Structure formats: structure tokens, C-alpha cells
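Each chain, written out:
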Amino acid sequence: MNVYSIAYKNLLRKKTRTALAAGGIMLSAWVLATLLGFNKGYQQGLNRDIDNMGFQVLLTAKGCPYEAATLMLKGGTGLRYMPEAVVKTVYTNPEVEKVTPMLMHGVFDPDKGENGAIAAYLGVDAVSYPPMKAYLEFKQGGWFKDNNALEAVLGYEAAELETREVGDKLLIPGVEKEITVVGVLKRSGTQDDGTIFLPITAVQALFNKKGLITGLGIKVKKDADINAFENKLYDLPDVQVVSMAQVKTTIMNLVNSARVIVMGIAGIALIIAMAGVINTILMSVMERYAEIGIIKSMGAMPLDVFKMIWMETALLCGFGGAAGIGLAFVTARLAEAGVRYFLPYAPNGALIALDFGISGAAFLLITAGGLLSGIYPAWRAARVRPLEAIRIEGEQ
Amino acid sequence: MKKLFLLLTLLALPRAAFAAVGCDLNDPDRDVARLFPGSTGYKTRYLSVKTSGGQPLLERVEKRLGDKFKGLYETIDVPYTLYDIYKGKEIVGYIHGVNQKGEYGGIQVFLALDKAGVIRAFYIQKLTSRAAKGLRAKEFGAQFEGLALRDFEPYDPVLAKLPPAAGASAIKAPAKAGKDFGSVLRAVKKNLILLDEFVFSKKEK
């Protein structure tokens, strides 16, 4: 019989105590793996969301709401415009790979709800916009081919609400001209789902905004210095620069602050689990005082006893850690739902990205913590004097 | 233990499907009080043809409607929001809305019915139409009050025709309403049939 099987059998002698200690380790491993997975998943999701925007920098007129949601909150007012000439000015910068002009327009629709509501339309360039939003897929039809065409592409939810399919007509409130639906997008999980896209020149003509745009999406070359480029853009008159890199940094800073607190809690959980391991193994050593004395009197060396007790700790932590990581995989979606409920902003896609690397790291951390906490009980066991141990047992 | 494991596994599965779009009141507290004066509260229920009877129910509804559910958005799994209207502890009626494809956009038609299935109020929450003003006018909505499913049963939504003897034949279309008038009538008929299937016929059983 080797030292591993002796350690394993020793653990089975007090099943409830072993199960409780392993349960504590399992919970610690679960928290740790879930948090590490969240850290990775959130960052991946945020990167994906920002990449899905198609551009890293958005240029708008100073004070202009640049999202449809903001526009609606402001009752369709507050739009500010930039001259279309800014497209050429920006494009001449060597850092720029692509640009795409956009014109947002809000129209009051008196026939939405009891008191009316704002309907927003986004004018986009038929040539430069689709390649920037390459992730958008069509459920029906495709993009308009001409910037002057009275055609529309609808995000899935917009199409669903308006019950529009390719070939159907749309009527913009207050505008008598009919617009033909040429494309319906698949769901993307982004704000594009609720957007009605029209060709930019058509929007300029329909709403008397010739030569004006509300936003300019800029895709920067991969090797370019985005910060230096943004500083250059600030020199342009009456524009504001919305940097997606800045948005990402701000969100990550907020998430990191929260994560430090949660990691602290995970650390405390780990320490409590370690204390539980020390307590369990130490109790086991005390109960087997005479037994350890007999083993030593039969020829076992202190190192053999140390290895036996330490192995018990290793097995306890190994089982508990593996079960905790398994639990993290099983409850990942549930934990994700909880995180989404509490977080004010959560990117699309899987929020908790558990993989082999994260599982391995969590397992190693838990096992290392456990082994560390097993040193003292193992050392106490190794120091047991055989005759003294047998005598004390006899006196009891 | 096996059940617990199964539950955890189900919770862990990714949510692959998105629900179809339903038809809710924008501001239920305000709208219920307006559509059902004297009511003291409401409870919301979510029903669908799929969960209430599946394919046989869909076929029955389509047969009674005289038209097939069609397009991307009129499907078996569309969730319908049913508001049970209370006066004190007693249910005094129902409010139910449906989405209908119009000529230029979606039309959301709500009906408030008493316990006998008679229309008490008619409300178009949203529409895009050249005759929007006329179709949302109080005078137009008032024509539906007092009518019930039997008055709309003879309406043929495919031909957009109503026999002169039908109770709903007295409803006058607003000027320029065109196809949207027919769409509104189809929405009302569908709304009443669904309510009959979800509520009234179940009560009778």
C-alpha cells in the first residue's frame, strides 16, 4: 500500500468532515473560476462590440447627440450638423483607412402611442458604410446601391415593429414620398437592430439638409497612433471626437474597480477555505496521534508521515478545486444572467468566458493555497514522538 | 440529484432563440384607466398560439379568420399580451392588442371588451398610413363600440369584403384609408377570434 492510497483512505474515514472541507474549497474554486472567466469574457465582449461599430473614432458636431436613443430622449431635437467637406479634410490624414459619413434625422410621428413619438432615420453612404459594418447580415434583400434612391434597409426589430419585408413601402411622417424596403437585416444584438437606414443623399434631400452630416465614422489604420490622431481632430473647428478606445477604457476602468472589490471577496473566500483545510487536517492529525506514533515506531520516517498528511490535503484540494471549476462551467449562464441584471452596461455575447487556461489557473491557485495550508498539520504530524504518542493514548 | 443536475444543465444552456415581437400597451397604467373607466386594476398575461394549442389552434384560428398567418412576423409563436381588467377583486373585462401589417407600416390595434366579449373601446396605438388621422379619430373608433365577434365573422380579409347584413358593415372607412381600412378590420377580427380562443371559449368549457 503506497502513501497515496493511505491518504485517500484516511479522508474516507470521516466522510462528512471531508465533504464539508471539500465543499468549502469547491465554492472558492467556483468563485475564482467564474471571476477569472468574467474578466476575460467582459473584455472580449467589449472589444467585439467596439469592433462591430466598424470605426474606432466618431466625429460629430459639438453638442450633437450621436445615438438614436439620445436623440429620442431629447425629443428629436438638439441635432447639430457639420459640413460634408469635413469628410475630405479628415480623409487626407495619413492615419485614416476609411471614413463613412452619416446623417441622423428625427421626425415627430403623431401616430405612435397616445401622444406621438420620435422616429429616427440614419442616412448612410451606400459605398463606404456596408464594408465598415461587414458583420451585418441580411435576412432578406441587401444594401441600397444608390445614394439618391428612395430605398430603406431596416434593422430586424425595426422591420418587426413596422411589419416590413423586402418590396414593402414605408411612409415617413410628414413626407409624402414612399420609400421601398430593399433589405431587412438579421438580428445583430446591437443598436442597428432598431435602426432604419436610408441612403445619405436621399435623407439630405428629403429633410432639406443638403451638404450636411451629423456624424463621420473613422476607421484608423492598424499601426496608427490613435491618441495623436484624435488630438489632431480636436484642432478642427466645432467638432467633438467620440473615441471608442476612450469609451472602452472608461468602461474597463469602472469594471476594474468593481473587480478589485469582488476579487478581494474571492480572496477572503480562499483564505476561509484554507483555514477550513488547516482545521480539518489538523483535527485529523490530533485524532490519529497514537496511530501516527505506531506508524513511526514501525519504521516510518518523519518525511513519510509529512508526505502522507500533505497528500491528504492535496487530494482534498484537488477534488474540491475540480468540482468547483466544473460547477463554474455548469452555472456560467446563470451567473451571466445575474451579472447582466446588476451591471448597468454589459456587452453582447458570452460574459463569462471559461476556457482551459482559466480553469487551469484557478485549479493551480486553489491547489497551491491548499498545499500551503497543509504544511503546518503535516509538520505537526511529522514531529510526533512514537513512545509519547502511544503513552498518551494509553492514559486516555 | 439527477433532477438538480438536469436543472443546472438547462440553466447553463445558451439562450439561442429570440422571441417574436408582441403587442403591449405603451403605458398600461394610463391606457387601462382610459380604455376601461371605472376599473381599479389589471393583471397581465402572456399567451401565444404555440403554447395555448399549437398547430391545431393555429389552423382553427386561420380557418375562422378566413386567411393564413403570413409573413415574417405573423407566426405561431408571437406573444400576445392579455390584460385582465379588475374592479375590486372581480374581473370586469379584457384588453388585448394585435399587430397587423398595414400598407406603409405596422398597425397595433387594441380592443377593450366586457365579460360578454362586447367591444367597449377601440384604440389604434400605432400606425403609419395616409389616413392615420381618420383611423385614429374618436369618431372612427366609436363605430366599433357595442360590436362583438359575430359582427365581424362574415368579414373576408382576403377580398376585404363585408356582406351588407353583417353587424360591422355599418362601419365607415375614413377618407383615403384604402387598404389600411381592410387591415384594421382584419386586425379586429383576428383580435376577437384570439380572445375567444384564449378566454371566452375556455370559460364556456
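Everything quoted here is computed from the prediction, not taken from an experiment.

Chemist: Give a description of the overall build of chain B that names residues and reports values.
Modeler: Regarding its fold elements, chain B presents 8 helices and 5 strands. Tracing chain B from N to C terminus, the helices and strands come up as α-α-β-α-α-β-β-β-β-α-α-α-α. Among the 205 residues that make up chain B, the fraction classed as buried is 38%. Taking the contacts inside chain B whose residues are at least 6 apart along the sequence as the reference set, 65% of them involve residues at least 24 apart.

Chemist: Tell me about the overall build of chain A, and name the residues and values.
Modeler: Within chain A, the regular secondary structure consists of 14 helices and 12 strands. Counting across all 396 residues of chain A, residues that qualify as buried make up 38%. For chain A, restricting intrachain contacts to residue pairs at least 6 apart in sequence, the fraction spanning at least 24 positions comes to 82%.

Chemist: Quick one: what's the story with the nonpolar core, residue by residue and with numbers?
Modeler: Within the largest apolar cluster, 49 residues are counted, with the highest numbers of intra-cluster contacts made by Ile95(B), Val109(B), Leu135(B), Val184(B) and Val188(B). Broken down by element, the residue count for this core peaks at 10 residues, all from helix 8 (residues 179-204) of chain B. One finds Val86(A), Leu185(A), Leu198(A) and Ile213(A) within the second-largest nonpolar core, a separate group that totals 47 residues.

Chemist: Just give me the short version of unusual backbone geometry, but keep the residues and values in it.
Modeler: Excluding glycine, residues mostly carry a negative phi; peptide bonds, for their part, are mostly trans. Residue and element names in this part refer to chain B. Its identity as a non-glycine residue notwithstanding, Ala160 has a phi of 55°, on the positive side. Of note, Ala160 is situated in the loop between helix 7 (149-152) and helix 8. Residue Lys176 is not a glycine yet carries a positive backbone phi of 65°. Counting through the fold element by element, Lys176 comes out in the loop between helix 7 and helix 8.

Chemist: I'd like a description of the interface of chain B and chain A, backed by residues and values.
Modeler: Listed per partner, the contact involves 25 residues of chain B and 17 residues of chain A. By residue class, the composition of the side of chain B that touches chain A is 12 nonpolar, 8 polar and 5 charged.

Chemist: Give a description of the confidence of the model for chain B that names residues and reports values.
Modeler: Residue and element names in this part refer to chain B. The predicted model of chain B averages 86 in pLDDT, with 89% of residues at 70 or higher. pLDDT under 50 marks residues 1-18. Its contacts with residues more than four places away, or in other chains, come to 13 contacts. With a pTM of 0.66, the predicted complex shows an ipTM of 0.80.

Chemist: Report on the environment of Lys307(A), specifying residues and quantitative values.
Modeler: Residue and element names in this part refer to chain A. Within the secondary structure layout, Lys307 lies in helix 11 (residues 302-330). Classification of Lys307 as partly exposed rests on a count of 19 C-beta atoms within 10 Å. Along the primary structure Lys307 and Trp379 are separated by 72 residues, whereas in three dimensions their C-alpha atoms are 9.5 Å apart.

Chemist: Which residues make up helix 2 (residues 28-35) of chain B, and what are the values?
Modeler: Residues and elements named next belong to chain B. Within helix 2 the residues assigned to the buried category are Asp31, Val32 and Leu35. For helix 2, the buried positions fall inside an angular range of 100° around the axis, keeping them on one side. In helix 2, those exposed residues whose orientation departs by more than 90 degrees from the buried face are Asp29 and Arg30.

Chemist: Before we move on, could you go through the packing of helix 11 of chain A against helix 13 (residues 356-382) of chain A and cite the residues and values that matter?
Modeler: Residues and elements named next belong to chain A. Across the interface, helix 11 lies against helix 13 with an axial gap of 8 Å and an inter-helix angle of 150°. In terms of orientation, helix 11 and helix 13 fall into the roughly antiparallel class. The way helix 11 lies across helix 13 gives a crossing that is right-handed. Of the residues that constitute the contact of helix 11 with helix 13, the class distribution is 19 nonpolar, 8 polar and no charged.

Chemist: Requested: an account of the pairing of strand 4 (residues 117-124) of chain A, with residues and values cited.
Modeler: Taken residue by residue, a regular strand's side chains alternate between the two faces of the sheet. Residues and elements named next belong to chain A. As paired strands, strand 3 (residues 96-109) and strand 4 are joined by 8 bridges and run antiparallel to one another. Opposite Leu103, over in strand 4, you have Gly123 as the bridge partner. As paired strands, strand 4 and strand 9 (residues 196-199) are joined by 4 bridges and run parallel to one another. In the sheet register, Leu122 faces strand 9, and the bridge partner there is Phe197.

Chemist: Tell me what's going on with the packing of helix 9 (residues 244-287) of chain A against helix 11 of chain A, and back it up with residues and numbers.
Modeler: Residues and elements named next belong to chain A. One way to put it is that helix 9 packs onto helix 11 with a least axis distance of 11 Å and a crossing angle of 140°. Taken together, the axes of helix 9 and helix 11 lie oblique to each other. Here helix 9 and helix 11 pass one another in a crossing that is right-handed. Along its contact with helix 9, which presents Val277, Ile281 and Val285, the element helix 11 presents Ile309, Glu312, Thr313, Leu316 and Cys317.

Chemist: An account of the sheet that holds strand 5 (residues 119-126) of chain B is needed here, citing residue identities and associated values.
Modeler: Residue and element names in this part refer to chain B. Pairing within the open sheet is antiparallel, and its 5 strands lie in the order 1-2-3-4-5. Whereas interior strands pair on both sides, the edge strands pair on one side only; in this sheet they are strand 1 (41-47) and strand 5. For this sheet, the mean inter-axis angle between neighbouring strands, taken without regard to orientation, is 20°. In this structure, strand 1 lies alongside strand 2 (residues 80-87), joined through 7 bridges in antiparallel fashion. Across the sheet, residue Leu47 finds its bridge partner in strand 2, namely Tyr80.

Chemist: Run through helix 12 (residues 332-342) of chain A, naming residues and quoting values.
Modeler: All names here are of chain A. Those residues of helix 12 not exposed but buried are Ala332, Ala335 and Glu336. Seen along its axis, helix 12 keeps its buried residues to an arc of 105°; they face one direction. In helix 12, the exposed residues that point more than 90 degrees away from the buried face are Gly338 and Tyr341.

Chemist: Talk me through the environment of Asn93(A); I want residue IDs and the actual numbers.
Modeler: Residue and element names in this part refer to chain A. When you line up the elements, Asn93 lands in the loop between helix 4 (86-91) and strand 3. A residue is classified by how many C-beta atoms lie within 10 Å of it, and Asn93, with 15 of them, is partly exposed. Spatially, the C-alpha atom of Asn93 lies 9.8 Å from that of Val220, the residues being 127 residues apart in sequence. Ignoring anything within four residues of it in the chain, the contact list for Asn93 reads Phe229 and Lys232.

Chemist: Describe the environment of Gly217(A), with residues and values.
Modeler: All names here are of chain A. Structurally, Gly217 can be placed in strand 11 (residues 215-220). Taking the C-alpha atoms as reference points, Gly217 and Met102, 115 residues apart in sequence, are found 7.6 Å from one another. With sequence-adjacent residues up to four places away left out, Gly217 is seen in contact with Gly54, Phe55, Leu58, Val99, Thr100, Met102 and Met132.

What counts, and where the lines are drawn
- Residues numbered from 1 in each chain as written.
- Chains lettered and ligands numbered in written order.
- Predicted model: local features only at pLDDT ≥ 70, side-chain atom pairs only at ≥ 80, totals over all residues.
- Helix = DSSP H or I, 4+ residues; strand = E, 2+ residues; numbered from the N terminus.
- Buried ≥ 20, exposed ≤ 12 C-beta atoms within 10 Å, placed from the backbone.
- Contact = placed C-beta atoms within 7 Å.
- Core = buried A, V, L, I, M, F, W, Y, C linked by C-beta atoms within 7 Å.
- Nonpolar A, V, L, I, M, F, W, Y, C, P; charged D, E, K, R; others polar.
- pLDDT = per-residue confidence, 0-100.
- Arc of directions from axis to C-beta.
- Axes fitted to C-alpha atoms, helices over the stretch in contact; angles between N-to-C directions.
- Parallel < 35°, antiparallel > 145°, perpendicular 65-115°, else oblique.
- Left-handed = near helix turned anticlockwise from the far one by under 90°.
- Pairing = 2+ DSSP bridges.

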